[in-house]
Amino acid sequence: MSATAVSLPIPRVPVRREPLVDRPVDGSKKVLLAAPRGYCAGVDRAVVTVEKALERYGSPVYVRKQIVHNIHVVRELEDQGAIFVDEVDEVPEGAHVVFSAHGVSPAVVDAAADRGLQAIDATCPLVTKVHREAKRFARDDYQILLVGHSGHEEVEGTAGEAPGNVTIVNNPDEADTIEVDDPSKLVWLSQTTLSVDETMETVDRLRARFPDLQNPPSDDICYATQNRQVAIKKVAAEADLVIVVGSANSSNSVRLVEVALQHGAKAAYRIDYADEVRQEWLDGVSTVGITSGASVPDVLVQELMRELAQAGYRDVEEVRTAEEDLMFSLPKELRTGAHHRGGRGVAA
Ligand code: SF4
């Protein structure tokens, strides 16, 4: 079967045709730039994995699903020769296929092997950690309450490690209604990119019903998600408007918009590109907060800052709440002779 590119789920928002205008507001205009923001260690590794695979094996290299949830990154890799597919049965037999940062279920690994594909696993090690927890608790016969969004690739992959043991809990309200088999043998795990506050509300409501509910051995919501939420909370408290750079299917980008609104921002929007900023968003706005999701290259934030400078927002202050320096080594297939460029602001 010939491969077909994944139809990207994010239509490009129509661009603004007129440049932004510098209109007067009460007080001085200012940008608060959240840090940490943007690329995390797992995204950096996944993107470099595809680039190195293209270097080593030549084009095309197939990638199951979007390697990371960012439309700009996907388009750039397509330009370099990557072909994104929905499922491994779209990949020609024997070809190289990269599994995305969000992870895959064992069924996908088996399907790739049955097809004779040369699989390279770019699953973030912090997602793999949750897979290992799911397998371990399933082996010990626990029911696993997986807090996360049904249909998200990461949740499908984690649930696929223990299909008979996992019950997905999408939100706090579902915690009030889910059924369990044995309330004394329950553990909760989570998707890595959720809102910390909403997840804890879900868990509190689960524990109110099931007091013996066990916690995960360590935080499943990853360091990058947590750090970006802490930083945007601080920015949002002082911002009239928050702009989050990130794609619509990026869980942690969408969560950043929600967190900004819950922590003081008068308005918050998500954009893929700077030319999506509307003039009317800036009416009466003196302080703009900026952040970006963990799958967003900083060049897109720099473009946004240039755009805002045209509208008079030239005074930029960084609001840093954590230092990050975590890096992951590349998948084993690519380690020999490969140099992970790293150093792009990734951190722990
Ligand atoms: Fe890994 Fe977290 Fe980045 Fe996802 S957001 S790739 S779990 S570090």
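About the criteria used
- Residues numbered from 1 in each chain as written.
- Predicted model: local features only at pLDDT ≥ 70, side-chain atom pairs only at ≥ 80, totals over all residues.
- Heavy atoms only, no water.
- Near = heavy atom within 4 Å.
- 1 Å grid on protein atoms, 1.4 Å probe; cavity = no way out; pocket = protein on both sides within 12 Å on 5 of 7 lines; lining within 4 Å.
- Sits in = over half its atoms within 2 Å of the grid points.
- Helix = DSSP H or I, 4+ residues; strand = E, 2+ residues; numbered from the N terminus.
- Nonpolar A, V, L, I, M, F, W, Y, C, P; charged D, E, K, R; others polar.
- Core = buried A, V, L, I, M, F, W, Y, C linked by side-chain atoms within 4.5 Å.
- Buried < 20%, exposed > 50% of the residue type's maximum accessible area, 1.4 Å probe, protein only.
- Contact = heavy atoms within 4.5 Å.

Draft legend 1. View of the site of the ligand. The ligand sits among Cys40, Gly42, Val43, Cys124, Leu126, Val127, Thr192, Thr193, Cys222, Tyr223 and Ala294. Placement of the ligand is best described as lying within the largest cavity. For the shell around the ligand, the elements supplying multiple residues, two or more each, are α1 (41–57) and α4 (125–139). Class assignment of the residues belonging to the shell around the ligand gives a composition of 8 nonpolar, 3 polar and no charged.

Draft legend 2. Focus on the nonpolar core. Grouped together as the largest cluster of nonpolar side chains are 30 residues, with contacts concentrated most on Val50, Ile67, Val68 and Val98. Examining the composition of this core, we find that 7 residues originate from one element, α1, more than from any other. Non-local contacts of Val68, meaning those with residues more than four positions away in its chain, are made with Val43, Ala46, Val47, Val73, Val74, Ala101, His102 and Ser295.

Draft legend 3. Looking closely at unusual backbone geometry. Put simply, Ala35 and Pro36 share a cis peptide bond, and its omega is 5 degrees. Following the sequence through the fold, Pro36 ends up in the loop between β1 (30–35) and α1. Cis geometry marks the peptide bond from Ser59 to Pro60; its omega dihedral reads 0 degrees. Positionally, Pro60 belongs in the loop between α1 and β2 (61–64). Its identity as a non-glycine residue notwithstanding, Lys65 has a phi of 70 degrees, on the positive side. Its place among the elements puts Lys65 in the loop between β2 and α2 (71–80). We note that Asp141 has phi near 70 degrees; this positive angle belongs to a residue other than glycine.

Geometric values such as these leave the question of function open.
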